[in-house]
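Here is how the chains run, residue by residue.
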Amino acid sequence: MAPKVPPQPTLEQSTSAVDAGHGHHHAHEAPPKGIMRWLLTTNHKEIGSMYLIFSLIMFFIGGIFALVVRLELFQPGLQFVNPEFFNQMTTMHGLIMVFAAVMPAFTGLANWMIPLQIGAPDMALPRLNNFSFWLLPVAFGLLLSTLLMPGGGPNFGWTFYAPLSTTYAPPSTTFFILSLHIAGISSILGAINIIATILNMRAPGMRMMDMPLFVWTWLITSFLLIAVMPVLAGVITMMLMDINFGTSFFNAAGGGDPVLFQHLFWFFGHPEVYIMILPAFGIVSAIIPAFARKRLFGYASMVYATAAIAILSFMVWGHHMFVVGMPLAGQLFFMYATMLIAVPTGVKVFNWVATLFRGSISFEPPMLFALAFVVLFTIGGFSGLMLAIAPADFQYHDTYFVVAHFHYVLVPGAVFAIMAGVYYWLPKWTGHYPNVRLAQWHFWLSVIGVNLTFFPMHFSGLAGMPRRIPDYALQFADFNFVSSLGAFLFGFSQLLFVAVIILCVRGGKKAPAQAWGEFADDLEWSVPSPAPLHTFETPPTFQRPAH
Amino acid sequence: MRTLLVWLAGGLALVGSSQVALARGWNMPVGVTDLSGEIYSLHMIIFWICVVIGVVVFGVMFYSLFRYRHSQGAKAANFHENTTVEIIWTTVPLLILVGMAVPATATLQKIYDPSDAELDVMITGQQWRWRYEYLGEDVAFNSNLATPRAQIRGEEERGEHYLLEVDEPLVLPINRKVRFLFTSDDVLHAWWVPELAVKQDTVPGFVTENWVQINEPGIYRGQCAELCGVDHGFMPVVVHAVEEDEFDAWLVERQEMAAEEAMGVDRDWEMDELMERGEGVYGSICASCHQPEGQGAPPAFPALAGNEELIAGIEWHKDVVINGVSGTAMPAFRTTLNPVELAAVITYTRNAWGNDTGDAVQPAEIAERLAQ
Amino acid sequence: MTQSDREIRQAGVRRTIWRSVAALVGMFAFAFALVPLYDVFCRVTGINGAVDTTAQSIVHEEVDESRMVTVQFITRNGSGLPWRMEVETRQVRMHPGQTTEVHFTFSNQSGGESWGRAVPGVSPATATRHVRKVSCFCFEEQKLQAGERLELPLVFQLARDLPPEVNTVTLVYTLYPVEGKSEPLQTAGAQNKEGEEA
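Residues numbered from 1 in each chain as written. Chains lettered and ligands numbered in written order. Predicted model: local features only at pLDDT ≥ 70, side-chain atom pairs only at ≥ 80, totals over all residues.

Going by what an unreviewed UniProt entry lists, chain C is known as Cytochrome c oxidase assembly protein CtaG and is assigned to Billgrantia zhangzhouensis. The Sequence similarities (unreviewed entry) comment attached to chain C in UniProt states, word for word, "Belongs to the COX11/CtaG family." Looking at the Function (unreviewed entry) heading of the UniProt record, one finds this comment for chain C: "Exerts its effect at some terminal stage of cytochrome c oxidase synthesis, probably by being involved in the insertion of the copper B into subunit I." (UniProt positions renumbered as here; feature names shortened; annotations may be inferred.)

Labelled according to an unreviewed UniProt entry, chain B appears under the name Cytochrome c oxidase subunit 2, originating from Billgrantia zhangzhouensis. In its Function (unreviewed entry) section, the UniProt record describing chain B reads: "Subunits I and II form the functional core of the enzyme complex. Electrons originating in cytochrome c are transferred via heme a and Cu(A) to the binuclear center formed by heme a3 and Cu(B)."

1. Details of the overall build of chain B
When helices and strands are tallied, chain B shows 10 helices and 10 strands. For 372 residues, the compact-globule estimate of 2.2 N^0.38 gives 21 Å, and the C-alpha radius of gyration of chain B, at 28 Å, exceeds that figure by more than 25%. For chain B, the spread of C-alpha atoms along the three principal axes comes to 95 × 50 × 40 Å. Taken across its 372 residues, chain B has 43% of its residues classed as buried. A separation threshold of at least 6 residues defines the contact pool for chain B, and within that pool the share at least 24 residues apart is 66%. (Helix = DSSP H or I, 4+ residues; strand = E, 2+ residues; numbered from the N terminus. Rg over C-alpha atoms; globule rule 2.2 N^0.38 Å. Buried ≥ 20, exposed ≤ 12 C-beta atoms within 10 Å, placed from the backbone. Contact = placed C-beta atoms within 7 Å.)

2. Observations regarding the confidence of the model for chain C
Residues and elements named next belong to chain C. For chain C, per-residue confidence averages 78 on the pLDDT scale, and residues scoring 70 or more make up 84% of the total. Taken element by element, the predicted model of chain C shows its lowest mean pLDDT in helix α2 (residues 188–197) (37) and its highest in strand β3 (residues 91–94) (87). The low-confidence segment residues 184–198 (pLDDT under 50) makes 24 contacts with residues lying over four places distant or belonging to another chain. Confidence metrics for the complex model read pTM 0.90 and ipTM 0.88. (pLDDT = per-residue confidence, 0-100.)

3. Digging into the nonpolar core
Residues and elements named next belong to chain A. If you look at the biggest cluster of nonpolar residues, it comprises 335 residues, and the most contacted ones within it are Val102, Val235, Val284, Ile287, Phe373 and Ala420. Sorting elements by how many residues they give to this core places helix α14 (residues 400–430) first, with 22 residues. Sequence-distant contacts of Val284, that is, excluding residues within four places in its chain, are made with Trp352, Ala370, Phe373, Val374, Ala417 and Ala420. (Core = buried A, V, L, I, M, F, W, Y, C linked by C-beta atoms within 7 Å.)

4. Some remarks on the UniProt feature "transmembrane region" (unreviewed entry) in chain C
Residues annotated by UniProt as "transmembrane region" (unreviewed entry) correspond here to residues 21–38 of chain C. Helix makes up 100% of residues 21–38 of chain C and strand 0%, whereas the separation of the span's terminal C-alpha atoms amounts to 25 Å.

5. Thoughts on the sheet that holds strand β2 (residues 129–134) of chain B
Paired through backbone hydrogen bonds, the strands of a sheet run either parallel or antiparallel to each other. Residues and elements named next belong to chain B. Taking strand neighbours across the sheet as the criterion, the five strands line up as β3-β2-β1-β5-β8 in an open arrangement whose pairing is mixed. Edge positions in the sheet fall to β3 (139–143) and β8 (208–212), since each has one partner strand and no second. Taking each pair of neighbouring strands and ignoring which way they run, the sheet shows an average axis angle of 20°. Summarising the sheet, β2 and β3 pair through five bridges and their orientation is antiparallel. Residue pairing for β3: Tyr134 is matched across the bridge by Val139. (Pairing = 2+ DSSP bridges. Axes fitted to C-alpha atoms, helices over the stretch in contact; angles between N-to-C directions.)

6. A closer look at the domain arrangement of chain C
Along its sequence, chain C is organised into domain 1 (1–45) and domain 2 (69–177). Between the C-alpha centres of domain 1 of chain C and domain 2 of chain C the distance comes to 44 Å. (Domains from an automatic or database assignment.)

7. Section: the packing of helix α9 (residues 278–292) of chain A against α14(A)
Residues and elements named next belong to chain A. Between α9 and α14, whose axes approach to 9 Å, the crossing angle comes to 45°. Accordingly, the angle class assigned to the pair α9 and α14 is oblique. The element α9 and its partner α14 pack so that their crossing is left-handed. Judged by residue contacts, Ala280, Ile283, Val284 and Ile287 of α9 engage Gly413, Ala414, Ala417, Ala420, Gly421 and Tyr424 from α14. For the contact of α9 with α14, the residue count by class is eight nonpolar, two polar and no charged. (Parallel < 35°, antiparallel > 145°, perpendicular 65-115°, else oblique. Left-handed = near helix turned anticlockwise from the far one by under 90°. Nonpolar A, V, L, I, M, F, W, Y, C, P; charged D, E, K, R; others polar.)

8. Digging into the UniProt feature "transmembrane region" (unreviewed entry) in chain B
Residue and element names in this part refer to chain B. Per the UniProt record, "transmembrane region" (unreviewed entry) is annotated on residues 39–66 and 87–106. In the segment residues 39–66, helix accounts for 100% and strand for 0%; the C-alpha atoms at its two ends are 39 Å apart. Spanning residues 87–106, this segment combines 100% helix with 0% strand, and its end C-alpha atoms are found 29 Å apart.

9. Focus: the domain arrangement of chain B
Its domain assignment divides chain B into domain 1 (28–57 + 85–113), domain 2 (119–260) and domain 3 (267–371). Placing the centre of domain 1 of chain B and that of domain 3 of chain B at their C-alpha centroids yields a distance of 52 Å.

10. Here's the deal with the pairing of strand β1 (residues 119–126) of chain B
Residue and element names in this part refer to chain B. β1 sits mainly inside the fold: seven of its eight residues count as buried. Sheet topology places β1 next to strand β5 (residues 178–184); seven bridges connect them, and they run parallel. Its bridge partner lying in β5, Met122 is registered against Leu181. In the sheet, β1 pairs with β2 via six bridges, with the strands oriented antiparallel. The partner of Gln126 across the bridge, within β2, is Arg129. Once β1 ends, the chain turns through two residues before running back antiparallel as β2.

11. Notes on the interface of chain A and chain C
Taken together, the 35 residues of chain A in the interface contact 28 residues of chain C. Counting residues per element, the ones that place at least two in the side of chain A that touches chain C are α6 (173–200), α7 (213–244) and α8 (258–275) of chain A. Sort the elements by how many residues they give to the side of chain A that touches chain C and α7(A) lands first, with seven residues. Across the side of chain A that touches chain C, the residue classes tally to 25 nonpolar, nine polar and one charged.

12. A short note on the UniProt feature "domain: Cytochrome oxidase subunit II copper A binding" (unreviewed entry) in chain B
Taking the numbering used here, the UniProt-annotated feature "domain: Cytochrome oxidase subunit II copper A binding" (unreviewed entry) corresponds to residues 116–253 of chain B. Along residues 116–253 of chain B, the helical share is 10% and the strand share 43%, with 26 Å between the first and last C-alpha atoms.

Printed below as a string of structure tokens:
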């Protein structure tokens, strides 16, 4: 099998690319120094790095909030925080992790890797790219500052159901809405940029069905973002009007309907869940073939499955609302549609396993995380299938079973995929391999920590523990004890991740251009490691692998 | 391969033995209604389907990881698609899902049939208590958390039913179909008792319904399942299911109690009596927001102790308690407290914690005001 | 890459941007359009128990005397309105196709004029479409002077095609103040503001 990478010596290609880059492009003027360089940069790699660093910081802040929650739940009774602050912590943990950690991390990876993977010199709209990044610190600085405002920050859960988030909300809610608006604009601009890049900037000869799956999944994710972020903006605008201008969208007293909020929110919210997992599918689909030394099984069906999941995601929002009192027909429709999602998701898992089957498998750090992703994400998928059964959901709904489910999908799912991606691409970013020993420690502690934290939650939920409670009945004590231990183990292990990254930036085993062998053969591996600031100023010629 | 089979068998044995453990607080309860039993079966069927699929998929995966190790010199094959296989693993899951959807649909249809109920109970969620009204029976009461705050703070040893005990449980007859109507006075709540397999959101301004027919007498405990503010975790549900004749007797007793209470309106109450009664009402109804010492939790919940507006305006004070304040968490208590309780709690808040106004509000006065 | 390639690329990027922006504006508008659409959808299907707030005309259809349906009336007070709302009878038994009139009384117990609105709900939701209200106090906002007492009718029919499994219909009315129209409680307004600013 011929690799997709053009066979010419990569270093020369890149130097010639730099040479050819002058004259028609002003990117090579001496960049401003110090902070201004970062404030004004339009380089996709620098912006990508800023996104990734920002999301890492936010991952720790959101993690600290989670640990406050787990600390309070360590044993029955109220020990450390009062219920009011507890609610702010659960809410902020959710908001920060979803909007400030996972989403920007994927956007950061997209910024870095999409131009490299399609052979483009940069994103299509570099200045817009800079702007969308710098909106984020503003948005989340504002969101975090609400914690210090009178009445505290948002305390109504990350799903901010009305009227708890409108009529009964703390005064800081207007700022919460503003910050979400800003973050939403950032996501939307990022999505437009990614679509424009992918559709228009591909290397000559690269057809859509030649694109790496990370590019494909991000393209579909971007469409989802463009479709649903405006709906979120609409919902929070309605909230803003209900709070400040006396309208009654969600206020029963004025003829509104609180359940309408949930319909609108989950119309955004369910696709949002896939926004956080589709790019993860793309990353894992790059890593597994690389370390199984075998082409990805069923590339085309992967693309179709991703598209199918995206389309279905618009038809299943009602499964978050099985207990609000929907009519039977609605319950049945949403139950069937939700169960259907298991089919394309299953196809993906089967494809990954088929890729492993009769491969030649090695267990470098990116592969460890990708394999854990497949197993643990699938477990989250199983509990998702259970939740789809509407009658059973009457018992699962809003319990720790749901908490276990979505954390399995998001932590060893989305977050592990991001970590796998970071380990996979660190050699390209820094020119060094990550420290294997430390990465292995990070992996095993994370896997143990994640399972200790979230597996017992299945049991506490089934046994009857509702979510979002600061104190619980005594029969849930053992499960919560284990969960809290696991959470602290997982939380502190992430310091190892930071250590690996810092060490890798500063030194380590030198990585060649094609750092992970011949099956990691997308275009990014044709440029030197570390990737120079400017790449592909002369578009590479894309060579399709021979069948 | 043989090793793998041994491991698989071992794993299955382990799962089998965990069935025993599952019976004790690790799994969804089978419950005490026909439907809760059906829901439990659905849960177990889908669980075992997932287990079987998981064993197969993870079995192949771990087999591959072990068998085709690069370090053992495995050479990669060169296949990357197979239409037959892909069609099979798209259609087989589809068939399994259809098989699963059939019993789930049947159960759902049964749940959605509240016809022929013999008793109607209106369940109202309020921050942070439940109110139960037996429609047409003139019996209604509030059900508050009974666990002392000292236990929550860890100053007392926690009881067996810590956080799952109430002052007045919902009493229901067994073997009778009971229809529930749900609504809320403020935010969303969700009424949930795992043993009854009923979980239903309560939505302000809207009514939803559900039903239950309990097969066995007993005490069944649950909690509010929808985040409803600060004390969301302190809003338990307790259902006391009793034999039918016991229930009828209880209903009569409650009706007599209500009648007796109503007579209390006609007489003059001493200050001490009002204060004592008021303290009780305050503790179960008001203290969760305005705090046990009336210090409040601004900005959401204003302080009552030393509240000048309250001290100066007795009419305003009565108005706020009876009619509530729109757009805030202060509900109208005109129907949820009786005139004696209203008079007592107003008197109490006007005289406790240094609010020494000396005003004694008589139940008769409140009753007259309510009847205008 | 030649100049013309570059221009083609730029034109493509511009096209993508415009299409995306159009999609964005469309989806934002769609979110707001969902509010009335949801409303219409609910009224047509009756899924959330929200009833039509306009009068319907009586349909003269044969009364189905073989069937008895219990209709319950529940009145509830939202916070902030010093009104008493009572229904003369808490439940009636009637045949589908029959027209019934029930009286509700409202009395304003405060010293000022105020506006209220009774928000209607029906349970079970499947019955919603089959409750035909000919006249109802819930169609409009009501004004009561200080101490005023008002008796208002509800005239309604149960349609003959009421689903057979429904044998109890509950009509719930929750009384809410009309914001901005009612006078605030004597000093409560000031106190609220204080609370917000604190």
